[in-house]
Each structure stands twice: as structure tokens, then as C-alpha cells.
Amino acid sequence: MIEPHAPAPPGAPPSWTGPARLPVRPGTGRFLVLVCVFVCAACGLVYELELVAFASYLMGDPVTQASVVLSVMVFAMGIGSLGAKRLRCHAAAGFGAVESALALIGGCSAMALYAVFAWTAGWGGMWADGPRCLLVAFSLAIGLLIGAEVPLLMELIQRIRRQDAGGAVADLFAADYVGALVGGLAFPFLLLPFLGQLTGALLTGTVNVVAGGALVLGLFRRDLTRRARWTLLLAGLTVLGVLACAAALAGDFERAARRAVYGPDVRVAVQTGVQEVVLAGGTHGEPLDLFLDGRLRVGGRDEHRYHEALVRPALTGPHTRVLILGGGDGLAAREVLRHPGVRRLDIVELDPGLVRLARRDPGLSALNGHALADPRVRVTTADALTWLREARGPAYDVVISDLPDPGITAGAKLYSQEFYGLTRRVLAPDGRLAVHAGPVAARPRAFWTVAATLRAAGFAVSPYRVPGHGSACAAGPEASRAPHDWGFLLAARGDAAPALRVGRGRAGTLTQAGLTADARAAERTRVSGMPVSTLVHPRY
């Protein structure tokens with residue numbers, strides 16, 4: 001694969017045929033090539049981040065998706081660099097063709113990935129892995145084309161003025177790395193919040209093809225034949241036309257794809273800067289579903305089961321001061337405020353956009369009973385772990401951890417021993433901590449790991465579960481196959497596990513007659529032998 005240095009065979013065309021005939025001075029020409037390197041590097045990194053972000057939103061587990069995209073792309077870049085050696089004799093034409101192909105594939109990658117996920121991921125069978133296969137295919141194709149850029153640009157910059165290889169590589173890589181930095185910062189701070197993923201990717205493809213075409217057809221046009229010039233021009237215009245049409249249809253496409261993923265009743269879809277928030281239903285008597293980054297966070301048909309089971313067992317003791325970590329939708333706050341004796345309720349939520357929706361959206365505010373407008377409620381916009389580190393003042397009687405599912409890698413720090421140690425510091429000596437720990441039946445190891453972490457932080461725990469028709473961790477087409485229970489942990493300081501009582505007989509009855517079938521399955525994982533009590537709601 002990697003050829004040793006050796007003289008070229010007789011009759012082989014030389015890799016460098018003398019200085020290029022440029023319409024500008026050589027110094028200006030080199031500067032323009034480096035500018036193109038900068039732009040292409042920025043575009044390449046945006047394509048990479050687009051794939052990672054979309055895969056994380058649609059398929060979950062951002063660490064796995066990022067690892068797949070990065071490893072496949074880096075591997076493909078190496079193969080692309082080797083393959084580009086055959087194009088060095090036609091570096092200008094080859095670079096123009098590579099940029100047109102890269103702009104088309106990279107610019108349309110987000111839209112294609114979204115389309116496959118929206119319309120085929122729920123089919124099951126061989127189609128179930130369609131989005132993952134397409135993700136690998138796009139990573140491979142984009143990596144091959146990005147890898148081919150550097151050798152061709154090296155040849156072009158040497159065509160302007162021959163210099164030692166070390167100096168040329170240093171100049172080229174400096175522009176490449178600075179461009180990658182700009183692209184990496186532009187994606188989360190400019191493209192994603194202001195344009196969205198689909199339009200951002202299409203705009204990046206447009207910049208890519210314009211930069212590549214301008215360099216080749218403007219600076220190196222004398223290195224091209226008449227036929228090559230017209231071919232590259234027509235290819236570039238075709239790519240621009242495809243990207244422009246896709247951008248014009250992006251809004252309608254996104255609405256149709258969201259309806260396919262989330263159902264026909266999507267009312268609100270916003271990118272808050274922290275996450276994508278989608279509200280479906282919630283008007284005309286329809287149940288409201290809340291999706292965060294593609295995952296069903298609130299299922300209107302049975303959200304009362306989840307929030308009553310999370311809150312009520314913890315509030316059977318003292319509950320003058322209550323802290324909710326997460327819970328920006330206001331639904332846990334609704335349950336807390338139903339208890340007499342609550343004088344202050346603090347909510348620490350990372351996403352201010354979700355809090356705004358909880359206050360202003362008619363469906364969500366009606367579902368939470370306008371809890372965030374209660375004078376006893378104080379909402380702080382902050383990361384829960386950071387807020388706990390800085391927390392001062394009187395301790396809380398009850399702390400409720402209403403955070404994303406522990407199976408989501410991005411939220412792993414919110415289930416760490418440090419997090420629970422800081423929580424213990426703000427909890428009153430006789431206080432209680434309630435933790436949502438994910439489904440017991442579907443992910444028993446994650447559930448028992450959270451229990452073990454709590455014990456390591458100095459808590460005694462009582463595990464319990466509540467049956468449900470869905471789960472707070474299901475996504476779009478996966479909602480029908482969601483786990484059918486939610487697992488919780490009620491914790492208190494010391495060695496004595498807190499007693500499970502629902503209080504007032506409203507949230508349900510607690511069965512202690514042994515393990516349910518799902519709990520016995522959890523015990524067979526041998527992560528813990530602790531039984532799980534089942535909370536059964538009489539209304540359902």
C-alpha cells in the first residue's frame with residue numbers, strides 16, 4: 001500500500017511539470033490555496049459533527065455514535081490519501097471533482113440520515129439497522145474524500161512554487177488545523193442554533209463547492225483542458241442546484257420527518273441551545289408527549305404514574321423545603337405542590353428553553369397545573385452538578401432527582417458518586433432523596449449500578465418500580481417497544497433503608513408480597529440481590 005521512495009519508472013509522467021501559469025503572483029496564489037485549505041477543513045469538520053449530532057439524537061448513546069463516526073472517518077481518510085496519489089498528475093481536475101462530490105455527499109448527509117430514520121427505522125427486520133448502516137456509509141464516503149484533499153492540495157501548492165516538503169506540509173497543516181478549529185466552533189455556536197442541522201449542512205456544502213470550484217476554475221484554469229473546465233463547471237452548478245433545492249424544501253421536509261418520527265400531532269419543535277424540544281399533542285383533549293433530543297421524556301397517557309411514583313414516597317416525611325434537580329417541565333413540581341406543608345420548592349434545570357415552554361405553552365402549562373407560577377417555586381438555570389458544588393444555606397427535607405435516564409451517556413455525571421455526595425451535603429439529616437434510575441426490566445444493570453453508587457455515597461436505599469405503558473427513555477419509532485416499567489430508588493442517610501409509604505392512599509398501594517416477574521429477572525443479573533417493590537396505582 002505505502003510505496004517506498006524510488007525513481008519513477010521510464011516513461012511514467014512526472015508528478016510535477018513546472019510552475020503553474022497563474023493569473024496572479026505566486027505569493028497571492030499560495031495564499032489563496034491556503035485559504036481554500038482553511039475553508040475545506042472547516043467544512044469537513046462540520047460534516048463530521050453533523051453526523052455525530054444526528055446519530056446521537058436519533059440513535060442515542062453519543063459516545064458510541066461519536067466513536068463509530070470518528071474511527072470510520074479517520075480510517076477512510078487514510079485510504080483516501082493513498083488513493084489520491086493516482087490523481088496527482090491531474091491535481092487541479094481531481095481536486096475540483098473531489099470537492100463537488102464532498103459538497104454533495106456531506107451537504108445532503110443530514111437530510112438523508114433523517115429521512116431513513118424517520119420512514120424506515122420503525123419497519124423492523126432488515127430495515128431496523130438502516131440508519132446505522134447509512135451512518136457508516138456516509139462516514140466512510142466523507143472520510144475518503146477528505147483524505148484525498150491534502151495530497152492534491154499539496155501538489156497544487158507545489159505547482160505554484162517548489163519548496164521543501166517540510167515547509168509545504170507545515171503551511172498546509174497550519175491552515176488545515178485552524179480551519180478545523182473554526183468549523184468546530186461554528187457548528188455548535190452558529191450553524192446549529194441559527195440555521196438548524198439540515199440547513200446548516202446544506203450551507204456548508206454550498207461553501208465547500210464554491211471554494212473548491214473558485215480555486216480550480218479561477219487559479220488553475222490553465223492547467224485544465226477545455227473539456228475539463230466545462231465538466232467541472234457543470235458539476236459544480238449541478239451540486240449547487242441540488243443543495244439550493246434541498247434548502248428550499250428543508251422546512252417542509254423537516255416537518256414531514258418530525259411527523260413520521262413523533263406522530264402527526266407535533267405542535268412545537270425548537271432547538272434551545274441545550275437540546276431539541278418537541279411537543280406533540282396536548283390540545284383538544286389529546287395527551288401531550290414531550291421529546292428531548294428524540295427521546296420520549298413525558299408520555300401524556302401515563303406520566304402521572306411516573307411523577308406520582310417519583311415524588312410521593314419521598315414526601316411522606318418532613319417536606320417543608322424541597323429541591324428538584326431537573327424537572328424543567330414542571331410536572332414533578334405539580335406533584336410536590338399538591339402536598340400541604342411545602343413552603344419552598346427550588347428547581348435546578350439546565351435548559352431555560354424548556355422552562356419557558358413549561359410556563360407559556362398552553363398544553364404543557366396546563367398539564368403541570370401552572371406549577372412554575374406558584375410563589376413558592378424558585379427556578380434556577382444551571383447544571384445540577386455545578387449548582388450542588390456551590391450550594392449554601394439551609395438543608396432540604398426532600399431532594400428529587402428528575403434527570404435524564406442513566407442509560408444516556410451524556411448524563412452519566414448526574415449518577416456519579418460525586419453527584420450523590422454533593423446531594424447528601426444539601427440534604428437534612430432526616431431528609432429523603434428520590435432518584436429516577438431507569439427501567440428495571442429492560443436495563444437492570446444500570447438500575448442496580450445507580451443503587452450501588454448511592455450506597456457508596458453513604459445512603460441506604462429502598463428500590464421500587466411502577467408499571468407503565470411507555471418509558472421516559474423511548475425515542476420516536478421505538479416508543480411502541482419501550483420498557484413497561486420505571487425504576488426508582490428512595491434513599492436516606494445512614495444504614496437504615498427508608499420505609500416505602502405512598503401516603504394518603506392516593507398514589508397507589510405498595511405490594512410487598514415478594515418479587516414481581518420483572519424484579520426476579522433483575523435479580524438474576526447478580527448485580528444485587530435486593531428485591532424491588534412494585535407500586536400499583538389504583539386508577540389504572
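See the structure shown above.
Being a predicted model, the structure only gives us computed values, none of them experimental.

Enquirer: Even after reading the chapter, I still don't get the side chain of Thr-453, so can you show me in this structure?
Expert: On the secondary structure map, Thr-453 appears in helix H13 (residues 444-456). Residues within four places of Thr-453 in sequence aside, it is in contact with Tyr-415, Ser-416, Gln-417 and Tyr-420.

Enquirer: What is the right way to read the environment of Gly-438 from this model?
Expert: Within the fold, Gly-438 resides in strand S9 (residues 427-438). Residue class for Gly-438 comes out buried when judged on its relative accessible area of 1%. Considering only alpha carbons, one finds Gly-438 and Pro-404, 34 residues apart in sequence, at a separation of 8.7 Å. Not counting residues within four places of it along the chain, the set of residues in contact with Gly-438 comprises Asp-405, Pro-406, Phe-447, Trp-486 and Gly-487.

Enquirer: What should I look at first to understand helix H9 (residues 352-360) in this one?
Expert: In an α-helix, one turn spans 3.6 residues, which is why side chains three or four residues apart end up on the same side. Gly-353, Leu-354, Val-355, Leu-357 and Ala-358 are the residues of H9 that are buried. Buried residues belonging to H9 abut strand S1 (266-271), strand S2 (276-280), strand S3 (289-292), strand S6 (344-349), helix H10 (362-367) and strand S7 (377-381). Sitting at the amino-terminal end of H9 is Asp-351, which places a side-chain oxygen 2.9 Å from the backbone nitrogen of Gly-353.

Enquirer: Please explain the side chain of Ser-109 as it appears in this structure.
Expert: Tracing the backbone shows Ser-109 in helix H3 (residues 91-120). A polar contact is formed between the side chain of Ser-109 and the backbone oxygen of Gly-106, at a distance of 2.7 Å. Apart from the residues within four sequence positions on either side, Ser-109 is in contact with Leu-51, Phe-138 and Ile-142.

Enquirer: How should the packing of aromatic side chains be read in this particular structure?
Expert: Each aromatic ring pair is summarised here by two numbers: the centre-to-centre distance and the angle between the ring planes. Going through the model one piece at a time under the given rule, you end up with ten aromatic pairs. Between Phe-54 and Tyr-114, the aromatic rings sit 5.3 Å apart at their centres with planes inclined by 55°, giving tilted as the arrangement. Pair noted here: Phe-54 is in helix H1 (residues 26-59) and Tyr-114 is in helix H3, with a separation of 60 residues, a long-range link. Pair check on accessibility: Phe-54 and Tyr-114 agree, each one buried. The interplanar angle of 45° and the centroid separation of 5.7 Å between the aromatic rings of Phe-173 and Tyr-177 together place this pair among those described as tilted. With Phe-173 and Tyr-177 both in helix H5 (residues 165-219), this residue pair falls four residues apart, about one helical turn. Residue classification places Phe-173 among the partly exposed positions, given a relative accessible area of 33%.

Enquirer: What exactly am I supposed to notice about unusual backbone geometry here?
Expert: Excluding glycine, residues mostly carry a negative phi; peptide bonds, for their part, are mostly trans. One non-glycine residue, His-370, adopts positive backbone phi at about 55°. Assignment of secondary structure puts His-370 in the loop between H10 and S7.

Enquirer: Teacher, can you tell me more about the nonpolar core here?
Expert: Nonpolar side chains tend to gather and get buried jointly when the protein is soluble and globular. Judged by nonpolar contacts, the single largest core of 71 residues is most densely connected at Val-33, Phe-95, Tyr-114, Leu-153, Leu-156, Leu-215 and Phe-220. Only H1, helix H2 (62-83), H3, helix H4 (130-160), H5, helix H6 (226-262) and S2 provide two or more residues apiece to this core. Apart from residues lying up to four places away in sequence, Leu-156 is in contact with Ala-91, Ala-92, Phe-95, Leu-215 and Phe-220. Counting 40 residues, the second largest nonpolar core, distinct from the first, contains Leu-292, Val-336, Val-398 and Leu-490.

Enquirer: What should I look at first to understand a nonpolar patch on the surface in this one?
Expert: Taken together, the side chains of Leu-181, Leu-185, Phe-189, Leu-190, Phe-194, Leu-195, Leu-203 and Val-207 present a nonpolar region at the surface, about 800 Å² in accessible area. Looking at the element boundaries, Val-207 is found in helix H5. We classify Val-207 as partly exposed; its relative accessible area is 38%.

Enquirer: I tried to follow the packing of H1 against H5 on my own but got confused; where do I start?
Expert: When two helices pack together, their arrangement is captured by the angle between the axes and the distance separating the axes. Running from amino to carboxyl end, H1 crosses H5 at an angle of 150°, the nearest separation of the two axes being 5 Å. Looking at the contact of H1 with H5 residue by residue, the classes come out as 32 nonpolar, ten polar and four charged.

Reading the values: the criteria
Residues numbered from 1 in each chain as written. Predicted model: local features only at pLDDT ≥ 70, side-chain atom pairs only at ≥ 80, totals over all residues. Heavy atoms only, no water. Helix = DSSP H or I, 4+ residues; strand = E, 2+ residues; numbered from the N terminus. Contact = heavy atoms within 4.5 Å. Buried < 20%, exposed > 50% of the residue type's maximum accessible area, 1.4 Å probe, protein only. Polar contact = N/O pair within 3.5 Å; in protein donor to acceptor, adjacent residues only side chain to side chain. Phe/Tyr/Trp six-rings, centres within 6.5 Å; stacked < 30°, edge-to-face > 60°. Core = buried A, V, L, I, M, F, W, Y, C linked by side-chain atoms within 4.5 Å. Patch = residues over 30% accessible without salt bridge, like charges linked within 9 Å, V, L, I, M, F, W, Y side chains within 5 Å. Areas by Shrake-Rupley, 256 points an atom, 1.4 Å probe, with all protein chains shown as cover. Salt bridge = Lys/Arg side-chain N within 4 Å of Asp/Glu carboxyl O. Axes fitted to C-alpha atoms, helices over the stretch in contact; angles between N-to-C directions. Nonpolar A, V, L, I, M, F, W, Y, C, P; charged D, E, K, R; others polar.

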